[in-house]
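What follows is the residue order along each chain.
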Amino acid sequence: MSRIEFKDVRHAYPQPAGQPLEYAIKEVNQVWENGGAYALLGPSGCGKTTLLNVISGLLTPSEGSILFNHSDVTRLPTAERHIAQVFQFPVVYDTMTVFDNLAFPLRNRQTPEARVKERVTEIAEMLDLSDRLDQRAAGLTADGKQKISLGRGLVREDVNAILFDEPLTVIDPHLKWQLRSKLKELHQQLGVTMIYVTHDQVEALTFADKVVVMHDGTVVQVGTPVELFSRPRHTFVGYFIGSPGMNVLPCSIENGQPVFANNLLSSGYPADTDLSGKLEIGIRPEFVNFSDDGIPVAIEKIEDLGRYQVVTVRHESEQIKMLVGEDEPIPAESPMISFDPDNLRIYCNDWAVEAGDA
Amino acid sequence: MRKSTNQKAWWLVAPVLLLVAFNAFIPLMTVVNYSLQETFGNNVFFWEGVTWFEQVLRSERFHASLMRQLLFTSMILAIEVPLGIAVALSMPRKGPWVSVCLVLMALPLLIPWNVVGAMWNIFALPDIGLLGYSLNSMGFDYNFTQQPVSAWMTTVVMDVWHWTSLIVLLCYAGLCSIPDAYYQAARIDGASGWAVFRYIQLPKMKRVLTIAILLRFMDSFMIYTEPFVLTGGGPGNTTTFLSIDLVKIALGQFDLGPAAAMSLIYFLVVLLICWVFYTLMMRNEAQ
């Protein structure tokens, strides 16, 4: 087990001659503390899988270095890094039985056969594969095969970290929930660092203590689920986490306070310096309310989701989403809305303006 | 809903039936016909029963050519299959060299059988051929027109040259269909190069390899043109394989009865070996 550190890591996949390099990872500095349960969250194509493969050594980054417990492993081959990795689609060795599949990573490392049997039995028990150990792996369903892949990741004891690359994509929804709780349980039992890649925020928020949000090749925020929800550092985090996502509206600044649609607003996070660039305010739909005075809007759409309603309103060209309780009345004539100042933040060039920031 | 019955569609199958009848069934039945009777021409036939079959099965000449055939086929399979797999494994999977390799590999397959025979004949001639002359000037006593061992070596090498590409191309296709994730998982699991071959590449190639071996078995077991052009079955009878022998009996000696019986036995041997091999290879798939 160890602490994994990224120092100025950048990676570009080779391009056909003549084409400019495109970085899949644009400078990542990140520390994965020993024993943490991390989720790596981001949309498809943001560099999540690339980042994972850089950790496991399947890829050598174009620039920068990776440290395990302060020693440089950037050039170390995969086998010597002691990393377990589970892929998005099940990989099983067709000709082997389920037992041999699970034993494969151990036998490759010359583990004594008695110990192999012990470990495999234990892991199979955990994954409900005990009664299939003698079957050929090829005959299993996609679920079963992915459990084998998971099992092969979990069976080794000497691993520095276990990486999961969207491992539950092919699993049935009800099993998904079970397996995810099982992984969480295993994390608490084993205390090994786990990094779980997903583009599903629910999956990320339920699995991880710390969520690392990636966007366009960079890490935009690392935090607990609560932090990501209440203090998004980047408009992308606000938009990607939460359902519906944060409203991001253009604004200008007067005396440190934002102005939207000729309305001077107040923000709990005033800007204390002159800002230049693209200025926006971010407010979650949870913190937009109907009020007696404020910004006049027109109601466009009301979606009733049971316990609450999602109301889409419009002010000139800007669409604003708001969450309204099931029983709260929706004003029929000339509705006006206001924003909760404590949860209103100013963003400059997509990054949140913190007090003291330039 | 009422189901309407219309049997007229059967007429649409008629052309195919007719084609198959003239193409396969009637010729086959003609052979069966010849194999059970004796004729001295003029369309007069005498019933002989299984006499020709007994005669062929007891003939030492048939045994000898069958043995030669089995030896030849096992030799070329033993060389071409491992060689084909090895070449396929060492071919690049990406980049500009892929197409170069593929074209080079496909080249021998595009050359007609009799041209291959003629090429190797000239190539291997001890006095003027590049191969034959070089071997002799290096001190090897090599003359495929007179020495059985030289004739066999030349025939086997010729077949390897002509047909290994087929196995290479089929195996290469099998290898290319393996997703990267398998190799990545193997690296994570710490698998050795041998383990990757044994547990990933070989199982994934199994189906194409089965087909490749079947094709090579059938083709080599029925080989005629190349050795006929190269050695003509000689020296003596040493490279007279089943097809060459069959043609000698049927067209050389005009013994239609024994030749027909021999073709049927020949056909059944090919069928039996293919069936046994295929069943053995696919036995595990069904489980």
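Residues numbered from 1 in each chain as written. Chains lettered and ligands numbered in written order. Predicted model: local features only at pLDDT ≥ 70, side-chain atom pairs only at ≥ 80, totals over all residues.

(A) Highlighting the interface of chain A and chain B. Counting from both sides, the interface comprises 21 residues of chain A and, opposite them, 14 residues of chain B. Those elements giving two or more residues to the side of chain A that touches chain B turn out to be α2 (78-81), β6 (83-86) and α3 (98-107) of chain A. With 3 residues, β6 of chain A is the largest single contributor of residues to the side of chain A that touches chain B. Its residues assigned to classes, the side of chain A that touches chain B shows 11 nonpolar, 6 polar and 4 charged. (Contact = placed C-beta atoms within 7 Å. Helix = DSSP H or I, 4+ residues; strand = E, 2+ residues; numbered from the N terminus. Nonpolar A, V, L, I, M, F, W, Y, C, P; charged D, E, K, R; others polar.)

(B) View of α3 of chain A. Residues and elements named next belong to chain A. Where burial is concerned, most of α3 is hidden: 7 out of the 10 residues are buried. Among the residues making up α3, those that are buried are Val98, Asn101, Leu102, Ala103, Phe104, Pro105 and Leu106. Elements in contact with the buried residues of α3: α4 (113-126) and α5 (142-154). (Buried ≥ 20, exposed ≤ 12 C-beta atoms within 10 Å, placed from the backbone.)

(C) Spotlight on the sheet that holds strand β7 (residues 161-165) of chain A. All names here are of chain A. Strand order in the open sheet formed by 6 strands is β6-β7-β8-β3-β9-β10, and the pairing between neighbours is mixed. At either end of the open sheet lies a strand with only one pairing partner, and these are β6 and β10 (218-223). Across the sheet, the mean angle separating the axes of adjacent strands is 20 degrees when strand polarity is ignored. As judged from the 5 bridges shared by strand β3 (residues 37-41) and strand β8 (residues 193-198), these two strands associate in the parallel manner. Following the sheet pairing, tyrosine 38 is matched in β8 by isoleucine 195. The strands that α5 touches are β6 and β7; relative to β6, the one it contacts most, it runs at about 170 degrees. (Pairing = 2+ DSSP bridges. Axes fitted to C-alpha atoms, helices over the stretch in contact; angles between N-to-C directions.)

(D) Structural detail: the sheet that holds strand β19 (residues 318-325) of chain A. All names here are of chain A. Here we have 3 strands laid out as an open sheet, ordered β17-β18-β19, and antiparallel in their pairing. Of all strands in the sheet, those with a lone pairing partner are β17 (298-304) and β19, marking the two edges. Strand-to-strand twist of the sheet, defined as the mean angle between neighbouring strand axes without regard to direction, takes the value 20 degrees. Of the pairings in the sheet, the one linking strand β18 (residues 308-315) to β19 comprises 8 bridges and is antiparallel in character.

(E) Geometry of the domain arrangement of chain A. Residues and elements named next belong to chain A. Under the domain assignment, chain A is made up of domain 1 (4-235) and domain 2 (244-352). One C-alpha centre belongs to domain 1, the other to domain 2; they are set 38 Å apart. Contact with domain 1, which involves 4 residues of that partner, is made by 8 residues of domain 2. Counted by class, the side of domain 1 that touches domain 2 contains 1 nonpolar, 2 polar and 1 charged residues. (Domains from an automatic or database assignment.)

(F) Local environment of the nonpolar core. Residues and elements named next belong to chain A. Ranked by size, the top nonpolar core spans 77 residues in total, and within it Tyr38, Ala39, Leu40, Ala161, Ile195 and Tyr196 carry the most contacts. If sequence neighbours within four positions are ignored, tyrosine 196 has contacts with Tyr38, Ala39, Leu40, Phe164, Phe207 and Ala208. In terms of nonpolar packing, the next biggest core, distinct from the first, is built from 22 residues, Leu265, Ile281, Val313 and Val353 among them. (Core = buried A, V, L, I, M, F, W, Y, C linked by C-beta atoms within 7 Å.)

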